[in-house]
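Descriptive structure summary
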Amino acid sequence: MKFIVDQQVEDIEMPENLKLNTFLKEFHSVCPHSECSFGLYGFAFGQSPFPVPLLMQEALMKNANQGAYAPVPGIPELRNAISKYNKHYFGMDIAPERIYVGPGTKELIFNLLQILHGTVILPTPAWLGYLPQIRLLKKNYHMLPSNTNKKISPIDLKKLSLRLQDRQKILILNNPNNPTGLLHNRLELEEIADVCREQNITVISDEIYAQTTYDFSKFVSMGKIYPEGTFITNGLSKSHAAGGYRLGYVIFPQHAVDLKRQFKKILATEYTAVSTPIQYAAVAGFEISKEIDIYFDATRSIHQIMGEYTYNALSAIEGIKATKPDATFYLLADFNAFATELQKVKINTSQKLSEALIVHPYHTAIVGGDSLVLERTDFSARIAYVDYNGTKVLQNYFDNKPKTSSERIEFVKNNAPKVVAGIEMICTFFKNLRKESLNDLQTQKKKKFDDRLNSA
Ligand SMILES: Cc1ncc(COP(=O)(O)O)c(C=O)c1O
């Protein structure tokens, strides 16, 4: 029997980060070179390496007997805990009734895009999860390329919005940002909000990395600045290193009563409710406690230390530019200064660049620009600096917190040798490329000289 798949499903590709990690493992497992036994360097997969906070693990075990379905928007204890969490950390008064819990923010963003009519404005570079969802839902969309600082330009947003005919427009704001690691500050958000108000743009503010902001006092939620038009999404995946728990939440704008009713319908139709034991574990994660606070402080400091190292090591190579992350565990590296050299060796697209780094002797996975919704020929890539044993590193951090900048560098060298060696590998790749290109040039010059001599 032959099964026919709907065309919009055929058009969706498997996310490149997952594909690349599989390729990397396959190539490395058959590599015959003994010098490669050190291992492979995984900068592609964006997962927090830390253990799930113990409080949550214990709550999950304690509630393993909760076999009943939960209410569609989430159990009341969890909606209350999320409300208090938002007050404590983000300074927002959110009534629990405005909070809906779902199986991960990815699903909730998909559900929001399902119920909200309108054209989607997608700032780029972007997290690789949004575009396949937009395509699957057959929504109209427009890219909004970032300004030279790799942030959203309010002027460009307004220009684009003026061109769009739709009654409603939806901006996907991801702050702090994956892949750049950059944070839009209060002023920048206010400027974006001014345009949104004027142009009647609804915002889906994906704030899944909020808690990882290195200087946490700098994080401001768009929900505070544009409360009437912002849907905030957040969850357990990054802040609590619990992506596998699959739990996220959305906060609805204050006066969206009818919309909540529509949303509830969709959730009930698609998945009924999030697993009940997981919701109880999430209560422990969102309740204010000293233990969770210490966990947040330590994990965001370690991300910052790793980010500083990665940024400095990459920027030290002439031609490589990188965003200096304010949050997350990513940065965006720009290799476009090497475009001529890359093209000479037939690397014409960012995907080819990712593939070239996977094979011997590099064994390194990065996420290339076209998966970040950049032009195929843009040689930029996302580097996720999380290739280390988070449980051990967290313990080492508590035992001996690095204070000075040299202690921080030592900390990375001792605790994340794969990150150090992997960044060196990327640098070696580009140094080799430059060397090859120089040799090529010298050979060409010599040939020209010889030709002239022979014809003289
Ligand atoms: C920007 C961004 N949004 C959403 C998600 C998905 O989060 P969740 O695990 O809650 O579905 C990710 C995960 O990588 C992400 O990077």
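Heads up: the structure comes first, above all this text.
Notes on the structure follow. (Residues numbered from 1 in each chain as written. Predicted model: local features only at pLDDT ≥ 70, side-chain atom pairs only at ≥ 80, totals over all residues. Heavy atoms only, no water.)

1. What to know about the pairing of strand β2 (residues 99-102)
Definition in use: Exposure classes here rest on a 1.4 Å probe applied to the protein chains alone. A residue is buried below 20% of its type maximum, exposed above 50%, and partly exposed in between. By the criteria applied, helices consist of DSSP H or I runs no shorter than four residues and strands consist of E runs no shorter than two, each listed in order from the N terminus. Between any two strands, pairing holds if DSSP finds at least two bridges.
Neither face of β2 is exposed, since Ile99 and Val101 on one face and Tyr100 and Gly102 on the opposite face are all buried. The sheet contact formed by β2 and strand β8 (residues 248-251) spans 4 bridges and is antiparallel. Each bridged residue has a counterpart across the sheet, and for Gly102 the counterpart in β8 is Gly248.

2. Here's the deal with the site of the ligand
Note the following rule: Any residue with a heavy atom lying within 4 Å of a molecule or strand is counted as near it. Here a polar contact is taken to be a pair of N or O atoms separated by no more than 3.5 Å, where protein atoms must pair a possible hydrogen donor with a possible acceptor and residues adjacent in sequence count only if both atoms sit in side chains. Here the Shrake-Rupley method, with its probe set to 1.4 Å, supplies the accessible areas, and only the displayed protein chains count as covering residues. Gly is put with the polar residues, along with every residue not named as nonpolar or charged; the nonpolar set is Ala, Val, Leu, Ile, Met, Phe, Trp, Tyr, Cys and Pro, and the charged set is Asp, Glu, Lys and Arg.
The environment of the ligand is made up of 13 residues, and the closest members are Asp206, Tyr209, Ser237, Lys238 and Arg246. In this structure, an oxygen atom belonging to the ligand sits 2.7 Å away from a side-chain N or O atom of Tyr209. At 2.7 Å, a side-chain N or O of Lys238 approaches an oxygen atom of the ligand. For the ligand, the protein covers 92% of the area, taking 400 Å² as the surface of the free molecule. Of the residues assigned to the shell around the ligand, the class counts are 4 nonpolar, 5 polar and 4 charged.

3. Topic: the sheet that holds β2
Note the threshold: Axis angles are defined between N-to-C directions and span 0 to 180 degrees, where every axis is a line fitted to C-alpha atoms and, for a helix, only to the segment in contact.
Pairing within the open sheet is mixed, and its 7 strands lie in the order β2-β8-β7-β6-β5-β3-β4. Edge strands, defined here as strands with exactly one partner in the open sheet, are β2 and β4 (141-145). Taking the axes of each pair of neighbouring strands and ignoring which way they run, one obtains an average angle of 20° across the sheet. Here 4 bridges tie strand β6 (residues 201-206) to strand β7 (residues 230-235), and the two strands are oriented parallel to one another.

4. Observations regarding the sheet that holds strand β9 (residues 321-322)
One open sheet accounts for 4 strands, arranged β9-β10-β13-β12; its pairing is antiparallel. The open sheet is flanked by β9 and β12 (367-368), the only strands paired with a single partner. Strand direction decides the pairing type here: β12 and strand β13 (residues 380-384), joined by 2 bridges, are antiparallel. For Val367, the partnering residue across the bridge sits in β13 and is Arg382.

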